[in-house]
Amino acid sequence: MKWIAVSNTKGGVGKSTVSLSLAHWLTQKGHAVAVVDDDRNRTVTKWQARADTNPPSQQPGFKVYPFEEMAQADGCDYGILDTAASVSDETIKHLTEFAYIVLIPCTPDIDALTATQETADQVIANDGSYVILLNDCPRSSKRENQDIADAITDGGYDLISQFVRHGIGIKRASLAGKTVEQMKGTQRLPWLDFHAAFQEFVETYLEA
């Protein structure tokens, strides 16, 4: 079993959305997947509660457990740990010892960039593996998105080349207890980015 920690020392970068979307993507590839919710806001757990009210055909193919029930994830191919926001250096140290890799979501703004670099530095200092995913990128701000991406790569940090666009479908999927892929029309477009990003993530970092 491989554990993937989705973490950043800054909140509001889309950790829970990335965790759920990655779980859904891996499930589609035939893997048994569990998401463990260690966020004090219990975003993933609340999403699961909303998902439980949907018809069986719309239920997710992965399991969600609170951190206290983490042992129930044993036996899955992949476990995804959605961590709390503002994690400490000590927590990052434990994550690098526990997880196969730390996936660090980053939104295209200077505060998130700084926190992302600090998170990556802590993983590196503890001999862990990581990669950064640029997430929630406004399509109207392509120059700013690229500037943040360039700052990441120019600093020598590992970055998934596919950005994930901002989209109202992400919020609406969360409110409906659905995955982004289940949304209709243009609300589904961010899923195309997630699909390409996760393909790169798995091929380059999980199966390499």
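These remarks concern the structure in this document. If you're wondering where the values come from, they're calculated on a predicted model, not measured in any experiment. (Residues numbered from 1 in each chain as written. Predicted model: local features only at pLDDT ≥ 70, side-chain atom pairs only at ≥ 80, totals over all residues. Heavy atoms only, no water.)

### Topic: the overall build of the chain
What counts here: We count a stretch as a helix when DSSP gives it H or I for four or more residues in a row; a strand needs E for two or more, and each element gets its number in order from the N terminus. Throughout, the radius of gyration refers to the C-alpha atoms, and the reference size of a globule is 2.2 Å times the residue count to the power 0.38. Burial classification: accessible surface area is computed with a 1.4 Å probe over protein chains only, and a residue below 20% of its type maximum counts as buried, one above 50% as exposed, and the rest as partly exposed. When checking whether two residues touch, look at their non-hydrogen atoms; a contact exists if any pair is within 4.5 Å. Using a 1.4 Å probe, accessible areas were evaluated by the Shrake-Rupley method; residue-level cover was limited to the displayed protein chains. Note on charges: Lys and Arg go in the positive column, Asp and Glu in the negative column, and His and the chain ends are not counted at all. To locate a charge, take atom NZ for lysine, CZ for arginine, CG for aspartate or CD for glutamate.
Assigned secondary structure in the chain consists of 7 helices and 6 strands. Ordered by position from N to C terminus, the α and β elements of the chain give β-α-β-α-β-β-α-β-α-β-α-α-α. Computed over the C-alpha atoms, the radius of gyration of the chain is 16 Å, within 12% of the 17 Å expected from 2.2 N^0.38 for a compact globule of 208 residues. Scored against the burial criterion, the 208 residues of the chain give a buried share of 50%. Counting only contacts in the chain whose residues sit at least 6 apart along the sequence, the fraction spanning at least 24 positions is 80%. Per element, the accessible surface of the chain, about 9500 Å² overall, is 48% carbon and sulfur. Taken as two groups, the 19 positive and 28 negative side-chain charges of the chain have centres that lie 11 Å from each other.

### A word on the pairing of strand S6 (residues 130-134)
The test is simple: Should DSSP find at least two bridges between two strands, the strands are regarded as paired. Viewed with both strands pointing away, a crossover whose connecting path from the first strand over the helix to the second turns clockwise is right-handed.
Taken across its 5 residues, S6 has 5 buried, putting it largely inside the fold. Residues Tyr130, Ile132 and Leu134 of S6 are buried on one face, and the alternating residues Val131 and Leu133, pointing to the opposite face, are buried as well. Across 5 bridges, strand S5 (residues 101-106) lies against S6 in parallel orientation. Looking at S6, one finds that Leu103 is bridged to Val131. Handedness of the crossover joining S5 and S6 through helix H4 (residues 110-125): right-handed.

### Here's the deal with the pattern of salt bridges
For the record, the criterion: Salt bridges are defined as contacts in which a side-chain nitrogen from Lys or Arg sits within 4 Å of a carboxyl oxygen from Asp or Glu.
Taken as a whole, this structure holds 7 salt bridges when the rule is applied. Arg143 is paired through a salt bridge with Asp147; the nearest N and O atoms lie 3.9 Å apart. Of this pair, Arg143 and Asp147 both sit in helix H5 (residues 142-154), separated by 4 residues, roughly a single helical turn. Relative accessible area serves as the criterion here: at 63%, Arg143 is assigned to the exposed category. Note that Glu181 is salt-bridged to Arg188, the shortest N-O span being 3.5 Å. On the basis of relative accessibility, which here comes to 29%, the residue Arg188 falls in the partly exposed class. Beyond isolated ion pairs, a larger network of salt bridges with shared partners links Lys15, Asp39 and Asp82.

### Here's the deal with the packing of helix H1 (residues 15-28) against helix H7 (residues 189-206)
Each pair of packed helices gets described by two things: the angle between the helix axes and the distance between those axes. Selection criterion: For helices, the fitted axis covers only the stretch in contact; all axes are lines through C-alpha atoms, and the angles between them, taken along N-to-C directions, range from 0 to 180 degrees. The cut-offs work like this: below 35 degrees is roughly parallel, past 145 is roughly antiparallel, 65 to 115 is roughly perpendicular, and the gaps in between are oblique. Classes in brief: Ala, Val, Leu, Ile, Met, Phe, Trp, Tyr, Cys and Pro nonpolar; Asp, Glu, Lys and Arg charged; the others, Gly included, polar.
Following both chains from N to C, one finds H1 and H7 inclined at 70 degrees, their axes separated by 10 Å at the closest point. By the angle class used here, H1 and H7 are roughly perpendicular. Seen from H1, the contacting residues are Thr17, Val18, Ser21, Leu22, His24, Trp25, Leu26 and Gln28; seen from H7, they are Trp191, Phe194, His195, Phe198, Gln199, Phe201 and Val202. Each residue belonging to the contact of H1 with H7 can be placed in one class, and the counts come to 9 nonpolar, 6 polar and no charged.

### Thoughts on helix H6 (residues 168-176)
Which entries qualify depends on this criterion: Each C-beta atom gives one direction from the helix axis, and the arc is the one those directions make.
Turning to H6, its buried residues number three or more, namely Gly169, Ile170 and Ala173. Viewed end-on, H6 has its buried residues packed into an arc of 105 degrees, placing them on one side of the element. Those residues of H6 that are exposed and aimed more than 90 degrees away from the buried face are Lys171 and Leu175. Where H6 terminates, the next one or two residues include Gly177, which has phi positive at roughly 65 degrees.

### Thoughts on the sheet that holds strand S2 (residues 33-37)
With parallel pairing, the 6 strands of this open sheet are ordered in space as S3-S2-S4-S1-S5-S6. Taken across any chain shown, the strands that pair with only one partner, and hence form the sheet edges, are strand S3 (63-66) and S6. Shown here is a sheet whose adjacent strand axes are inclined to one another by a mean of 25 degrees, direction ignored. One ladder, built from 5 bridges, connects S2 with strand S4 (residues 78-82); its direction is parallel.

### Regarding the layout of surface pockets
Our working definition: Every definition here rests on a 1 Å grid over the protein atoms only: cavities are sets of points where a 1.4 Å probe fits but cannot get out, pockets are open sets enclosed by protein on both sides within 12 Å along at least five of seven lines, and lining residues have some atom within 4 Å of a point. Grid points are joined across faces, edges and corners, and a volume is the space filled by probe spheres set on the points.
Computed from the structure, the largest pocket encloses a volume of approximately 540 Å³. As for the largest pocket, its lining consists of 27 residues, and the residues nearest its centre are Gly14, Lys15, Ser16, Thr17 and Ile170. Those elements that place two or more of their residues in the lining of the largest pocket are H1, helix H2 (43-51) and H6. Within the lining of the largest pocket, the residues separate by chemical class into 8 nonpolar, 14 polar and 5 charged.

Coordinates in, geometry out; function isn't part of it.
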